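Here is what each chain is made of, one letter per residue.
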Amino acid sequence: MKTFPKHRSHTLRTGRYSIPGTYYHIVIVTNKRRRILSDNKVASIIFQTFDWMEGEKRLEWICIRVMPDHVHAVIRLGEEQTLAKVLHSIKRYTAREINKQLSTAGVFWQKGYTDWGIRDDAALNDTIRYCYANPVRAGIVETPRDYPHWRCKFQMEY
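Residues numbered from 1 in each chain as written. Predicted model: local features only at pLDDT ≥ 70, side-chain atom pairs only at ≥ 80, totals over all residues. Heavy atoms only, no water.

1. Points about the overall build of the protein chain
Looking only at helices and strands, the protein chain features 3 helices and 5 strands. For the protein chain, the N- to C-terminal ordering of α and β elements is β-α-β-β-α-β-α-β. Expressed as a percentage of the 158 residues in the protein chain, the buried residues total 44%. The contacts in the protein chain between residues at least 6 apart in sequence include a share of 72% that link residues at least 24 apart. Within the structure as shown, the protein chain displays about 9700 Å² of accessible surface, and the carbon and sulfur contribution to it stands at 50%. (Helix = DSSP H or I, 4+ residues; strand = E, 2+ residues; numbered from the N terminus. Buried < 20%, exposed > 50% of the residue type's maximum accessible area, 1.4 Å probe, protein only. Contact = heavy atoms within 4.5 Å. Areas by Shrake-Rupley, 256 points an atom, 1.4 Å probe, with all protein chains shown as cover.)

Structural data, given as structure tokens:
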């Protein structure tokens, strides 16, 4: 009888590969889903990290939504990069800086990340709208523009 991996098991990543130049929707989640990301200084660390990664040509960020316990980002993977290396760098640096900011220590992010490849412009637009509307679906705000932790290179019509 064939056995299937447990939900969110590391074995689900077996065979995963990254395609430079491809758009991805990624999600990273705080350890134990602690709701600590909505602090302005914490969100700034996350935005600045994506800016730095873009400056280093490791990725191009399209949009970033920092929720209280997770981050959605739509990125285009840089040349000669892998999602694993890029996400490792983002998580490692932000964990260290946010722990300093909050005077805490220990594991900051959940292990791993979730990613979806984006295949065409329609899917890219749908994914950006999904990220934008996330705080409304979560019941945090009435309209997406009411939630402050959002950056996008496109003007949103919502």
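After that view, the rundown keeps rolling.
2. A closer look at the packing of aromatic side chains
With the rule as written, the count across this model stands at 2 aromatic pairs. Ring geometry for Phe-108 against Trp-109: centres 5.0 Å apart, planes inclined by 80°, an arrangement best described as edge-to-face. Across this residue pair, the class does not change: Phe-108 and Trp-109 are buried. Ring centres of Tyr-132 and Trp-150 lie 5.0 Å apart, and the angle between their planes is 50°; on these two criteria the pair is classed as tilted. Taken together, the residues Tyr-132 in helix H3 (residues 121-137) and Trp-150 in strand E5 (residues 150-152) connect sequence positions 18 residues apart. According to the relative accessible area criterion, Tyr-132 is buried, its value standing at 6%. The class of Trp-150 is buried, set by a relative accessible area of 18%. Here Lys-153 stacks its cationic end above the ring of Trp-61, 4.6 Å away from the centre of that ring. (Phe/Tyr/Trp six-rings, centres within 6.5 Å; stacked < 30°, edge-to-face > 60°. Lys NZ or Arg CZ within 6 Å of the ring centre and 35° of its normal.)

3. Let's talk about the packing of helix H1 (residues 40-55) against helix H2 (residues 83-102)
One way to put it is that H1 packs onto H2 with a least axis distance of 10 Å and a crossing angle of 150°. For the element pair H1 and H2, the recorded crossing hand is right-handed. Here Lys-41, Val-42, Ile-45, Ile-46, Thr-49, Phe-50 and Met-53 of H1 come into contact with H2, specifically with Val-86, Ser-89, Ile-90, Tyr-93, Thr-94, Glu-97, Ile-98, Gln-101 and Leu-102. (Axes fitted to C-alpha atoms, helices over the stretch in contact; angles between N-to-C directions. Left-handed = near helix turned anticlockwise from the far one by under 90°.)

4. Concerning the nonpolar core
Formed by 28 residues in total, the largest nonpolar core has its most connected members in Leu-37, Phe-50 and Ile-75. Elements with a minimum of two residues in this core: strand E1 (23-29), H1, strand E2 (59-66), strand E3 (70-77) and H2. Among the elements that take part in this core, H1 stands out by supplying 7 residues, more than any other. Beyond its immediate stretch of four places on either side in the chain, Ile-75 contacts Thr-22, Tyr-23, Tyr-24, Ile-26, Phe-50, Leu-59, Glu-60, Trp-61, Ile-62 and Leu-83. Counting residues in hydrophobic clusters, the runner-up holds 11 residues, among them Ile-128, Cys-131, Tyr-132 and Cys-152. (Core = buried A, V, L, I, M, F, W, Y, C linked by side-chain atoms within 4.5 Å.)

5. Notes on H1
A rise of 1.5 Å per residue sets the reference length of H1, with its 16 residues, at 22 Å; its end C-alpha atoms lie 22 Å apart and thus fit the reference within 8%. Listing the buried residues of H1 in full gives Val-42, Ala-43, Ile-45, Ile-46, Phe-47, Thr-49, Phe-50 and Met-53. Those residues of H1 that are buried lie in contact with E1, E2, E3, H2 and E5. Backbone geometry just after H1 places Lys-57 at a positive phi near 65°. (Expected span 1.5 Å × (residues − 1).)

6. Examining the pattern of salt bridges
Considering all chains together, one arrives at 7 salt bridges under this definition. Measuring nitrogen to oxygen at the nearest pair gives 3.1 Å for the salt bridge that ties Arg-151 to Asp-51. With Arg-151 in strand E5 and Asp-51 in helix H1, this residue pair connects regions lying 100 residues apart in the sequence. Take Asp-51: its relative accessible area is 30%, and that puts it in the partly exposed class. Residue Glu-60 is joined to Arg-76 by a salt bridge in which the shortest nitrogen-to-oxygen separation is 3.8 Å. In this pair, Glu-60 is assigned in strand E2 and Arg-76 in strand E3, connecting sequence segments 16 residues apart. The class of Glu-60 is partly exposed, set by a relative accessible area of 28%. Shared partners join several salt bridges into a network, and the residues in it are Arg-96, Glu-97 and Lys-100. (Salt bridge = Lys/Arg side-chain N within 4 Å of Asp/Glu carboxyl O.)

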